[in-house]
Amino acid sequence: MGAKADPWRAALLSVLLLAALLAAWEWAVKGGGGPAGPAVDEELAALLSPAAAAGGQTAMPAPSDIGARLLELLSDPFHRRGTNDQGIGIQIAWSLGRVAAGFTLAALVAIPLGFLIGMSPLLNAALNPYVQVLRPVSPLAWMPLALYTIRDSSISSIFVIFICSVWPMLINTAFGVATVRREWLNVARTLEAGRWKTAIRVILPAAAPTILTGMRISIGIAWLVIVAAEMLVGGTGIGYWVWNQWNNLSIADIVIAILLIGLVGLLLDRMLGLVQRWVAWQE
Amino acid sequence: MTPPPAQRLVSVEGIARRFPGLTVFEDLWFHVARGEFVCLVGHSGCGKTTILNILAGLDTPDAGVVLVDGKEISGPSLDRAVIFQGHALMPWLSALENVAFAVSCRNPGWSRGQVRDAARAALARVGLSQAAERKPAQLSGGMKQRVGIARALAISPKLLLMDEPFSALDALTRGTLQEEVSRLVTEAGQTAFMITHDVDEAILLADRILLMTNGPQARVAEIVHNTLPRPRERANLHHMPGYHALRDHILDFLITRSRTLAGAPPPGWDARTPPVVVPA
């Protein structure tokens, strides 16, 4: 682990691994089926998808099929032909919108509350048990309660995003605020900076890198959870789309969705990573 | 030798710091006159930093009071600026912004331009105009402490408090900064109180030097009057008549007498008027 890997060699190895994987996959699906016959039991295939049954072939697509399908999907990502036929771009936009709403609400609650908790040892001790109990709860466990009380599936999924993103931001903000160097606080005190000015000009920038770490963890969890939440709630969103394609047994679409979900998650993390670099400071 | 109360800027009256089963110091009395530079010299553990923090208002004594301008202090104030041991610059702000933060606290009504101009002027006085836009991480230890000095002086405090401000610097930088502080303080007629364990630093800067015995139950064993004429320069300090007597006296105290005098005070010793010594 000592020396740093040459980035070009690492990239080359990555590409080779991908090529090997795709080649093996292609061969396994198209060429090497052999005497084993179809991968999907005929009766099951008949139940699941007429297309699979008619062809009597495996429902598992080859990478070439997936590539073709990806081009098809991306050629018109924002089309709307009825409720069950909307472009993949629109579905991802729905999911991103819900994540943005839930995450923003969570930030608006968690960062000020984390500030208070971090500044007050009393509040910290009083609220800590609640945080400890609620934090490990799967966000989906809140879903029935949310559906019952809110009575709106879309708002319920936003609530689930809110509840799962609130904890890392709350805990990190409180920690960051509580561990601001005493000497900086002393500087502010000797300058009679006042509570508000100290909070905005000293504590916030000092704790910002820690708060951003919490936000990065939160957005990662939120993007994980939205897929599951939309599978449950249905209607729109990439999670719902995955579920819909499973019902159609369009395995190619599911593989594409996995790929796109991963890429969007990476993008979200990188965006907050840029903000984190912007607020970072070094001694 | 004791000035009339009207000339006293700071009056420390019987302060104490006690922990259960341990008295770091108690019944401590001293004063700082207007325009005077007082150094407190002693070994670690005699409560030096606590005393400075009490003067700054960052700490409260377990007994006694501190009067500044005849009024009892109850917390930190812009009238008492502190130069911290570890510079205490905010690493996310540039040198200029660190000073500007202090200026804006002193003058809440000023425009951004006024604040920046004043901060620039303060940095220029410590010779840092070129490095104004740099972050503390891009400054050397000596430059960081210069910013700390600029920040403290930018708010024109009545009293400048310094807690071993140069102890983390190399000898060469320390010497330069000591002369710089000496010049700035003399120019401004600044009243100052400094904690140090560097004998030459005390001789260069101080009008009076308080010698503290080792803790626990530390006390001001004696007050040394530094009669070496100003301006003093590091380069020829040791050629001044009386320098060696002064230095030997303080060194003797630090090496042996701070230890032998520790503990219960000798009979006839008065906490309010410790013996005054004029070695030179």
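Source: prediction; values computed, not measured. (Residues numbered from 1 in each chain as written. Chains lettered and ligands numbered in written order. Predicted model: local features only at pLDDT ≥ 70, side-chain atom pairs only at ≥ 80, totals over all residues. Heavy atoms only, no water.)

Turning to the domain arrangement of chain B, a few remarks are in order. All names here are of chain B. For chain B, the assigned domains are domain 1 (5-79 + 157-277) and domain 2 (91-156). The centre of domain 1, based on its C-alpha atoms, is set 27 Å off from the matching centre of domain 2. Domain 1 puts 16 residues into the contact, and the matching count from domain 2 is 14 residues. Together domain 1 and domain 2 conceal approximately 1,200 Å² of surface at their shared face, both sides included; 69% is due to carbon and sulfur atoms. Arginine 106 is paired through a salt bridge with aspartate 79; the nearest N and O atoms lie 3.7 Å apart. Where domain 1 packs against domain 2, one counts four residue pairs in polar contact (both at pLDDT 80 or more). In the side of domain 1 that touches domain 2, the residues fall into nine nonpolar, three polar and four charged. (Domains from an automatic or database assignment. Contact = heavy atoms within 4.5 Å. Buried area = accessible area lost by both parts, 1.4 Å probe. Salt bridge = Lys/Arg side-chain N within 4 Å of Asp/Glu carboxyl O. Polar contact = N/O pair within 3.5 Å; in protein donor to acceptor, adjacent residues only side chain to side chain. Nonpolar A, V, L, I, M, F, W, Y, C, P; charged D, E, K, R; others polar.)

Our focus in this paragraph is the interface of chain A and chain B. Contacts between the two partners involve 17 residues from chain A, matched on the other side by 21 residues from chain B. Roughly 1,900 Å² of surface becomes buried between chain A and chain B when both sides are summed, with 70% attributable to carbon and sulfur atoms. One can count zero salt bridges joining chain A with chain B. Linking chain A with chain B are three residue pairs in polar contact (both at pLDDT 80 or more). Looking at the side of chain A that touches chain B, the elements that each hand over two or more residues are helix 9 (182-190) and helix 10 (195-233) of chain A. (Helix = DSSP H or I, 4+ residues; strand = E, 2+ residues; numbered from the N terminus.)

In this section: the sheet that holds strand 2 (residues 22-33) of chain B. The strand order 2-1-4-5 (chain B) describes an open sheet built from four strands, whose pairing is antiparallel. Single-partner strands in this sheet number two, and they are strand 2 and strand 5 (71-72) of chain B. (Pairing = 2+ DSSP bridges.)

With 14 residues, helix 6 (residues 121-134) of chain A should reach 20 Å at 1.5 Å per residue; the first-to-last C-alpha distance of 20 Å fits that figure. Along helix 6 of chain A, the sharpest change in direction is near 40° and occurs at leucine 127 of chain A; proline proline 129 of chain A comes one to four residues later. (Expected span 1.5 Å × (residues − 1). Bend = angle between axes of the 7 residues up to and from the residue.)

What follows is about the nonpolar core. Counting 158 residues, the largest nonpolar core has Phe37 and Phe193 of chain B as its most contacted members. A total of 16 residues in this core trace back to one element, the largest contributor, which is helix 10 of chain A. Looking at which domains feed residues into this core, each of domain 1 (5-79 + 157-277) and domain 2 (91-156) of chain B supplies at least three. Residue contacts for phenylalanine 193 of chain B: discarding those within four places in its chain leaves Phe30, Val32, Val38, Leu40, Ile51, Leu52, Leu55, Leu159, Leu160, Leu161, Met162 and Leu210 of chain B. (Core = buried A, V, L, I, M, F, W, Y, C linked by side-chain atoms within 4.5 Å. Buried < 20%, exposed > 50% of the residue type's maximum accessible area, 1.4 Å probe, protein only.)

Residue and element names in this part refer to chain A. Relative to the assigned elements, alanine 3 resides in the segment before helix 1 (7-31). Owing to a relative accessible area of 73%, alanine 3 belongs among the exposed residues under this scheme. Linking alanine 3 and phenylalanine 159, residues 156 residues apart in sequence, is a C-alpha distance of 46 Å.

On to the packing of aromatic side chains. For the structure shown, the criterion picks out six aromatic pairs over all chains. With centroids separated by 5.5 Å and ring planes inclined at 85°, the aromatic side chains of tryptophan 184 of chain A and tryptophan 281 of chain A adopt a geometry described as edge-to-face. Placement of the pair is tryptophan 184 of chain A in helix 9 and tryptophan 281 of chain A in the segment after helix 12 (251-279), with a sequence separation of 97 residues. Using a relative accessible area of 2% as the deciding quantity, one classes tryptophan 184 of chain A as buried. Relative accessible area serves as the criterion here: at 24%, tryptophan 281 of chain A is assigned to the partly exposed category. Taking 5.4 Å as the distance between ring centres and 10° as the angle between the ring planes, the aromatic pair formed by phenylalanine 30 of chain B and phenylalanine 193 of chain B counts as stacked. (Phe/Tyr/Trp six-rings, centres within 6.5 Å; stacked < 30°, edge-to-face > 60°.)

Right, let's get into the pairing of strand 7 (residues 159-163) of chain B. All names here are of chain B. Counting buried positions along strand 7 yields five of five residues, so the element is predominantly enclosed. Burial along strand 7 is two-sided: the face carrying Leu159, Leu161 and Asp163 and the face carrying Leu160 and Met162 are both buried. With four bridges joining them, strand 6 (residues 80-83) and strand 7 adopt parallel strand pairing. Paired with arginine 80 across the strands is leucine 159, a residue of strand 7. Sheet topology places strand 7 next to strand 8 (residues 191-196); five bridges connect them, and they run parallel. Bridge assignment links methionine 162 to a residue of strand 8, and that residue is methionine 194. Between the parallel elements strand 7 and strand 8, the chain passes through helix 5 (residues 171-188) in a crossover that is right-handed. (Right-handed = clockwise from strand over helix to strand, strands pointing away.)

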